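Residues per chain, in single letters:
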Amino acid sequence: MEIGGRGLIISLICFLFKFSTAIEIPLSVQQVPTIIKQTKVQVAFPFDEYFQIECEAKGNPEPTFMWTKDDKTFDLSDSRIIVSNNSGTFKIPNEGHISHFQGKYRCFASNKLGVAMSEEIEFIVPNVPKFPKEKIDPLEVEEGDPIVLPCNPPKGLPPLHIYWMNIELEHIEQDERVYMSQKGDLYFANVEEKDSRNDYCCFAAFPRLRTIVQKMPMKLTVNSLRHANDSSSSTEIGSKANSIKQRKPRLLLPPTESGSASSVTILKGDTLLLECFAEGLPTPQVDWNKIGGDLPKGRETKENYGKTLKIENVSYRDRGNYRCTATNFLGSTSHDFHVVVEEPPRWTKKPQSGVYSTGSSGILLCEAEGEPEPTIKWRVNGSPIDKNPFAGDVFSPTEISFTNLQPNHTAVYQCEASNVHGTILANANIDVVDVRPLIQTEDEENYATVVGYSAFLHCEYFASPEAIVSWQKVDEAKPLEGRRYHIHENGTLQINKTTEDDAGSYSCWVENAKGKTAVTANLDIRNATKLQVSPKNPRVPKLHTLELHCESKCDPYLKHSLKLSWSKNGEGFEINATEDGRIIIDGPNLTISNVTSEDQGIYSCSAQTALDSVADVTHVTILDVPDPPENLHLSERQNRSVRLTWDAGNDHNSHISEYIVEFEGNKEEPGRWEELTRVQGKETTVLLSLAPYVRYQFRVIAVNEVGRSQPSQPSDHHETPPAAPDKNPQNIRVQASQPKEMIIKWEPLKSMEQNGPGLEYRVTWKPQGAPVEWEEETVTNHTLRVMTPTVYAPYDVQVQAVNHLGSGPEPQSVILYSGEDYPDTAPVIHGVDVINSTLVKVSWSTIPKDRVHGHLKGYQINWWKTKSLLDGRTHPKEVNILRFSGQRNYGMVPSLDAFSEFHLTVLAYNSKGAGPESEPYIFQTPEGVPEQPAFLKVIKVDKDTATLTWGLPKKLNGNLTGYLLQYQIINDTYELGELNDINITTPSKPSWRLSNLNSTTKYKFYLRACTSKGCGKPITEEGSTLGEGKYAGLYDDISTQGWFIGLMCAIALLTLILLTVCFVKRNRGGKYSVKEKEDLHPDPEVQSVKDETFGEYSDSDEKPLKGSLRSLNRDMQATESADSLVQYGEGDHGLFSEDGSFIGAYAGSKEKGSVESNGSSTATFPLRA
């Protein structure tokens, strides 16, 4: 049935396309079958267990399947195949009968509404390729002749790879003379003697079949005419050798029977390969060109020494004639290839499935392109359309139209386009359906988005006839309106720029002529994710470390899905993926060590949650030292100046702050560069002030905040003329080693200060202020020795620089002194005042100035001990020295031994040395307090008594008058008992027995040695008395009991073990705390004066004691201290001012109430309780 004109059809296209586009029909609705999966090509590889040919389809009712093979019905009940349930797929086991199934298959899926047809499926059963068994005759040719070794590979599953190798599997080398064609034949343009061999083997490889086959070896013998018959004359041999004739090219590929031109057909998109090979001598060269055009640039390559022209991705523009030309110096030959580009069919308008309602109209379009032009065939339900036309259908080769569709019009239409290169097939379902809307989105679906983003609430539906979709908030009766709301064709509601007020429940209503349906959707609004990268736009010096931090904040409900990522210039970082570990990403932190210029760029941190994403960027600038300045140029050359100009180098993102101009030209240190001046960074020129008589060369260094550049290349040389000196020597001084001698020295002029050749120094001198002529002497070095008539006399001295061009400026006079001599007289000691037992003050008269014979540096006291007044024993002479600077007449001598006799002398000294000593002065030091006793031990205790013994002090410092013994109860509490005193007036008695002690009580004992000057520092010991009962009084006799001896041995063994453990722990870093015990039982003397101590003991953590103690220094005289030389002589710790006065009163303030217990023991005597 046809209609006049196409107007109606064209007018319907837009409407029909809008509704008939492919709609996914729910399987709950009746529909024609649709093939959803099928095999394209199946190859029966011999190593596979089975071969599966797939065909799966959907439909309602469920489809059934039927197959054809080579357009004939294929029986799925064949016992040799395995059919899948509820599918058209079947398997062919690899059991030896595979070739029977080779062919082209089609699958048909059908139900009561229609039939869907698959594309053609080819099942290929490849044969195992083999070269035929044949005897290959040997080939024999003369040197210079052409030859072709045929391969003739067997047919097999492509791709095919051909190799020529010898029997050792070494490739036959190919070059301009030897070539393998695409078919695999081996061509020789001209053979050489080296081509002779008996193992030319052609190998054919079929990678998809995992097979390589080999042809029988071929033997090729090349006869060289130089090896002619030995009986021939030399003339004949030469004639035959020259008979290897040179010849012009002749084409072997394409073969001669192809003529001068041939045709090649190539499919569009494939790779075109044209090959030419010519024999000749010399070996011809092959060139290619396109007649009437150019070879396609970028897609064409010449391979195999120009013998193959390759054009990739061929298009219709590549059609035409191509010519290959083979040339040597004797001539040329050519061949033309007419290239035809063709193409398999491809869709330009593919028929689309559609869903229609009763009474509607539709159209199917089917257009395809190809070369040759494809033919179009229509089918309906798998059969030609002309055999099963529907009433009202109007069809042509490219379209089918239908009107007033009814449910029985439901069918599957097939359009097939084919040419010689292939066939394509498209199924188009025509489903005529009338049903109320079916909403496919679940009811009560929950959605969420963030503030400011768009929300999408889905309402996917199927409806026929066409339906109308509307949305409304559940708590509002009217549909949503406004620019922020948009309903898509698939029913989805889009809410733009959401706010917190948009949260709530929404209803989607879908309505058509058959009814309406609704679902509810719930929307939550979350807070948007915020992000900030710090620092912003950092500037990082090269090789430093870049640290970036990404601070993020997101809604608590989104925190679990938050993911941070870093990128640079749009490219993401792989976490810690750099080989050298320079780049480390640790969550929100990005660290790059040893940055380089390549690390510069825009760094972005992105935060991704389940609902939103946000990014923040920072621009990282890498700083580096500048590049060296360039193009140094000298101008304005003068005797004392020159202008230097340069071009700035790259500043590497940091402005150049200054330039350093250096020069080289020092004759004494050639090659050494010195700084000449500095120039502000904005300048690139400077006028340089120069010194005479220097051959200058300059270079420039640029400086920025990172550092200095490498020096520039040196400038040209600039030489200044010589001149008289501009300055005289500095630092003129005298060095005297002998009396009346004056060795004058000065700093010589540097090479750059000499200004010319022949530098000398003119030295003049005369006595200071004397109206006499200047004496003069000129020297070349920087020292002059002058003898003077007097010792240590002042002279005016001048030193002037002189060179061949003149003298320097008028010199300035300096005052120098002639050489010194030793002082020749001694001071007179006026007296020695004894301050205390260890300190005396010495006074003397100064010597006259004219007897010093130089610069007086000070006075020196020598003293030595002659004997002790305690025992009258003399001491060997050991002289002690103490010096006092400057002009003074007294000094303090500390650190003397108490109760001793001393001799003392005084002398003056100058720079030369010391003068004579004064007459010795004899003095004695008074008694002092003794040192602490050598030891204190508790040797015997009972329940109420304890016996103590001790040793004499190392230094008595006077006549010992007795001892002061003190004791008090300590126990293991902070409470201390009353301090008890016992004066022991028998100094020769080294022990004491205490009685009336409490039983089972711990005591602390203090013992001091005393002289008439007082008592010294105490030594302490602790001990405990025994308890009441049967053990009392047994101390004297238990030592003889056997059990006691055994007990003591056990205790000794345990003590040894304990000491070993303590030693090991101490070596491992353990601590033995004496501090706690000292805090618990402190020395009462120390406690009483702890606020007056001067450094012997201090502890910021010292605990306060409960109760109060009497001072142990009651009725005692102030103790005296051994004084240090450092406190009174020259040095940083002296107690003298510059004029020698004594700073402060030395009245023994250090000893006030001081108690030192350096010799005390804190070990408790092992007593039984």
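Scoring rules and cut-offs
Residues numbered from 1 in each chain as written. Predicted model: local features only at pLDDT ≥ 70, side-chain atom pairs only at ≥ 80, totals over all residues. Heavy atoms only, no water. Helix = DSSP H or I, 4+ residues; strand = E, 2+ residues; numbered from the N terminus. Buried < 20%, exposed > 50% of the residue type's maximum accessible area, 1.4 Å probe, protein only. Contact = heavy atoms within 4.5 Å. Areas by Shrake-Rupley, 256 points an atom, 1.4 Å probe, with all protein chains shown as cover. Phe/Tyr/Trp six-rings, centres within 6.5 Å; stacked < 30°, edge-to-face > 60°. Pairing = 2+ DSSP bridges. Axes fitted to C-alpha atoms, helices over the stretch in contact; angles between N-to-C directions. Disulfide = S-S within 2.5 Å. Patch = residues over 30% accessible without salt bridge, like charges linked within 9 Å, V, L, I, M, F, W, Y side chains within 5 Å. Salt bridge = Lys/Arg side-chain N within 4 Å of Asp/Glu carboxyl O. Polar contact = N/O pair within 3.5 Å; in protein donor to acceptor, adjacent residues only side chain to side chain. Lys, Arg positive; Asp, Glu negative; His and termini not counted. Charge placed at Lys NZ, Arg CZ, Asp CG, Glu CD. Core = buried A, V, L, I, M, F, W, Y, C linked by side-chain atoms within 4.5 Å. pLDDT = per-residue confidence, 0-100.

Okay, the overall build of the protein next. Along the backbone of the protein there are five helices and 85 strands. Buried positions account for 42% of the 1169 residues belonging to the protein. For the protein, long-range pairs separated by at least 24 residues make up 67% of all intrachain contacts whose partners lie at least 6 apart in sequence. Only carbon and sulfur atoms are counted for the fraction: they give 49% of the accessible area of the protein, which is about 62900 Å².

With that out of the way, let us pick up the packing of aromatic side chains. In this description, an aromatic ring pair is defined by two values, namely the gap between the centres and the angle between the planes. Taken as a whole and assessed by the stated rule, the structure comprises 27 aromatic pairs. Relative to Phe 402, the ring of Tyr 356 has its centre 5.9 Å away and its plane inclined at 90°; by these criteria the two rings are edge-to-face. Taken together, the positions of Tyr 356 in strand S29 (residues 354–356) and Phe 402 in strand S35 (residues 399–402) put the pair 46 residues apart, joining distant regions of the chain. Here Tyr 356 matches Phe 402 in class, with each residue buried. Consider the rings of Trp 844 and Tyr 859, whose centres lie 5.7 Å apart with planes at 45°: the pair is tilted. Of this pair, Trp 844 sits in strand S72 (residues 839–845) while Tyr 859 sits in strand S73 (residues 856–868), and the two are 15 residues apart along the sequence. Residues Trp 844 and Tyr 859 agree in their burial class; the two are buried.

Moving on: the sheet that holds strand S56 (residues 630–635). Pairing is antiparallel in the open sheet, where three strands are placed in the order S56-S57-S60. The open sheet has two free edges, formed respectively by S56 and strand S60 (685–689), since each of these has just one partner strand. For this sheet the average axis-to-axis angle between neighbouring strands, irrespective of direction, equals 25°. Inspection of the sheet shows strand S57 (residues 641–647) paired to S60 by five bridges, in the antiparallel sense. Across the sheet, the residue bridging to Arg 643 is Leu 687, located in S60.

Moving on, we get to the state of the cysteines. All chains considered together, the criterion is met by seven disulfides. Between the sulfur atoms of Cys 276 and its disulfide partner Cys 324 the distance amounts to 1.7 Å. Between Cys 276 and Cys 324, the S-S torsion sits near -55°, and that sign places the bridge as left-handed. Highlighted residues: Cys 276 in the loop between strand S22 (272–275) and strand S23 (277–281) and Cys 324 in strand S27 (residues 320–328), separated in sequence by 48 residues. Take Cys 276 and Cys 324: they sit in the same class, and that class is buried.

In this section: a nonpolar patch on the surface. A contiguous nonpolar surface patch, about 490 Å² in accessible area, is contributed by Leu 1053, Leu 1054, Leu 1056, Ile 1057 and Val 1061. With respect to the element layout, Leu 1053 can be found in helix H3 (residues 1042–1067). You can call Leu 1053 exposed: its relative accessible area is 51%.

Spatially, S71-S72-S75 is the arrangement adopted by the three strands of the open sheet, whose pairing is antiparallel. At either end of the open sheet lies a strand with only one pairing partner, and these are strand S71 (828–836) and strand S75 (890–893). Between one strand axis and the next, the sheet turns by 20° as a mean value, whatever way the strands run. The pairing of S71 with S72 spans seven bridges and is antiparallel. What sits directly across from Asp 833, in S72, is Lys 841.

This paragraph deals with the side chain of Gln 966. In this structure, Gln 966 sits in strand S80 (residues 960–969). Of the polar contacts made by the side chain of Gln 966, one reaches the side chain of Asp 981; its length is 3.1 Å.

Moving on, we get to a negative patch on the surface. On the surface, Glu 442, Asp 443, Glu 444 and Glu 445 cluster together into a negatively charged patch. Considering the arrangement of structural elements, one finds Glu 445 in strand S39 (residues 445–450).

This brings us to the pattern of salt bridges. Taken as a whole, this structure holds 45 salt bridges when the rule is applied. Here Arg 672 makes a salt bridge to Glu 669, at a shortest N to O gap of 3.6 Å. We classify Arg 672 as partly exposed; its relative accessible area is 39%. When its relative accessible area of 37% is taken as the criterion, Glu 669 is described as partly exposed. Within this structure, Arg 177, Glu 192, Lys 194 and Asp 195 form a network of salt bridges that share partners.

Glancing now at the pairing of strand S83 (residues 1002–1011). If a strand is regular, its side chains alternate between the two faces of the sheet. Most of S83 is tucked away: ten of the ten residues are buried. In S83, alternate side chains face the same way, and those of Lys 1002, Lys 1004, Tyr 1006, Arg 1008 and Cys 1010 on one face and Tyr 1003, Phe 1005, Leu 1007, Ala 1009 and Thr 1011 on the other are all buried. Sheet topology note: the S80/S83 ladder contains nine bridges and is antiparallel. For Gly 962, the partnering residue across the bridge sits in S83 and is Cys 1010. Here S83 runs beside strand S84 (residues 1014–1015); their pairing, made up of two bridges, is antiparallel. Paired with Thr 1011 across the two strands is Gly 1014, which belongs to S84.

Turning our eyes to something else, we now look at unusual backbone geometry. One can expect most non-glycine residues to show negative phi and most peptide bonds to be in trans. With omega at 5°, the peptide bond leading from Pro 158 into Pro 159 counts as cis. Of note, Pro 159 is situated in the loop between strand S13 (147–149) and strand S14 (161–165). Between Leu 281 and Pro 282 the backbone carries a cis peptide bond, its omega angle lying at 0°. Along the chain, the position of Pro 282 falls in the loop between S23 and strand S24 (285–290). Phi is positive for Glu 444, which is not a glycine, with a value near 60°. In this fold, Glu 444 is placed in the loop between strand S38 (435–439) and S39. On the accessibility criterion, Glu 444 (45% relative accessible area) is partly exposed.

Here we take up the nonpolar core. Judged by nonpolar contacts, the single largest core of 25 residues is most densely connected at Leu 149, Trp 164, Leu 186, Phe 188 and Tyr 200. Those elements giving two or more residues to this core turn out to be S13, S14, strand S15 (178–180), strand S16 (186–188), strand S17 (197–206) and strand S19 (218–223). The biggest single contributor to this core is S17, with four residues.

Our focus in this paragraph is the confidence of the model for the protein. Here the protein averages 85 in pLDDT, and 85% of its residues register 70 or above. Scored below 50 in pLDDT, residues 1069–1127 makes 116 contacts in the model with residues more than four places away or belonging to other chains. Low pLDDT (under 50) marks residues 1130–1169, which in the prediction has 102 contacts with non-local residues, meaning those over four places away or in another chain.

We now examine the environment of Asp 48. Along the polypeptide, Asp 48 turns up in the loop between strand S2 (41–43) and strand S3 (50–53). In the structure, Asp 48 is positioned 45 residues away from Pro 93 in sequence and 8.9 Å away in space, judged by C-alpha atoms.

Tracing the backbone shows Thr 410 in the loop between S35 and strand S36 (411–419). In terms of polar contacts, Thr 410 uses its side chain to reach the backbone carbonyl oxygen of Pro 407, at 3.0 Å. Contact partners of Thr 410, with chain neighbours within four places excluded, come to Val 32, Leu 113, Phe 390, Ile 430, Asp 431 and Val 432.

Positionally, Pro 217 belongs in the loop between strand S18 (211–214) and S19. Residue class for Pro 217 comes out partly exposed when judged on its relative accessible area of 33%. Distance in space between the C-alpha atoms of Pro 217 and Arg 197 is 9.9 Å, their sequence separation being 20 residues. The residues contacting Pro 217, other than those within four sequence positions of it, are Ile 136, Asn 198, Asp 199, Tyr 200 and Cys 201.

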